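Structural description and commentary
Residue-level listing of the chains:
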Amino acid sequence: MFAGENELKGDPRLPAINKSIRVFPNYPKPGIMFQDITTLLLDHKAFKGTVDIFVERYRDMDISVVAGVEARGFFFGPSIALAIGAKFVPLRKPKKLPGEVISEDYELEYGTDRLEMHVGAVNPGERSVVIDDFVATGGTLSAAKRLLERVGAEVVECACVVGLPEPEEDRRRLDDTPLYILVGPTLDERCF
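Below, the structure is looked at part by part. (Residues numbered from 1 in each chain as written. Predicted model: local features only at pLDDT ≥ 70, side-chain atom pairs only at ≥ 80, totals over all residues. Heavy atoms only, no water.)

**Topic: the nonpolar core**
Of all hydrophobic cores here, the largest spans 29 residues; its most connected members are Ile17, Tyr58, Val66, Ile80, Tyr180 and Leu182. Looking at this core, the elements with two or more residues in it are α1 (13-19), α3 (44-58), α4 (73-84), β7 (127-135), β8 (154-163) and β9 (179-183). Tallying contributions element by element places α3 first for this core, with six residues. Beyond its immediate stretch of four places on either side in the chain, valine 66 contacts Gly77, Ile80, Ala81, Ile84, Ala86, Lys87, Phe88, Val89, Val129 and Ile131. Counting residues in each nonpolar core, the second largest holds 26 residues, with Val69, Met117, Val130 and Ala143 among its members. (Core = buried A, V, L, I, M, F, W, Y, C linked by side-chain atoms within 4.5 Å. Buried < 20%, exposed > 50% of the residue type's maximum accessible area, 1.4 Å probe, protein only. Helix = DSSP H or I, 4+ residues; strand = E, 2+ residues; numbered from the N terminus. Contact = heavy atoms within 4.5 Å.)

Dropping the structure here:
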């Protein structure tokens, strides 16, 4: 679900967020239109608007875990967690966390990867939301969801700043867990 299609239709923060994202064609490989959100971080109003929209959405949902997907989910997740009174749990790439971890493999639109989480970071029954910067096929979010569910957490929603429209097969990857997207991809003259 795109935020601008429902409760945030006409919200001026959404075009500001979209405008602050730059695109690199054919990165990291031919055919990929990389949505670079680092420029969003440079625009304090757009960055604050992004965090505020997520906080407004999750504030009253009894969320106890905000899980951020490495690396760009780390830009938004901690701020959201602090604002809603939840803990932040980093979902890291392989061999980045010391100690005992559990892991989940997944396929990307341009390869394969793995997410890891500390054992004991999330308890059974905790309500969680997964945050990342971009969703294309849903593979990374699906792996994050499976990882959290393996320890007994309830994944209430997955959320991204930028996302492609959801084909039916991508929704099935998330097993009907809602997917909340702030803006669609930028595909215009702002390509670098």
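**Description of α3**
Its 15 residues give α3 an end-to-end C-alpha distance of 21 Å, which sits within 8% of 21 Å, the value for a rise of 1.5 Å per residue. All of the buried residues along α3 are Ala46, Gly49, Thr50, Val51, Ile53, Phe54, Val55, Arg57 and Tyr58. Structurally, α3 contributes buried residues whose contacts are with α1, α2 (38-42), α4, β7, β8 and β9. (Expected span 1.5 Å × (residues − 1).)

**A word on the environment of tyrosine 180**
Here tyrosine 180 shows up in strand β9. For tyrosine 180, a relative accessible area of 0% corresponds to the buried category. In this structure tyrosine 180 touches Met1, Ala3, Glu7, Leu8, Ile53, Phe54, Arg57, Tyr58, Glu157, Cys158, Ala159 and Cys160, once residues within four positions along its chain are discounted. Reaching out from tyrosine 180, the side chain makes a polar contact with the side chain of glutamate 7 at a distance of 2.7 Å. (Polar contact = N/O pair within 3.5 Å; in protein donor to acceptor, adjacent residues only side chain to side chain.)

**Describing the pattern of salt bridges**
Applying the stated criterion to the full structure yields 17 salt bridges. As a salt-bridge pair, aspartate 52 and lysine 48 come within 2.6 Å of each other at their nearest N and O atoms. Highlighted residues: aspartate 52 and lysine 48, both in helix α3, separated by four residues, approximately one helical turn. Two residues, lysine 93 and aspartate 113, come together in a salt bridge whose shortest N-O distance is 2.9 Å. Placement of lysine 93 in the loop between β4 (87-91) and β5 (101-108) and of aspartate 113 in strand β6 (residues 111-118) is noted, with a sequence separation of 20 residues between them. (Salt bridge = Lys/Arg side-chain N within 4 Å of Asp/Glu carboxyl O.)

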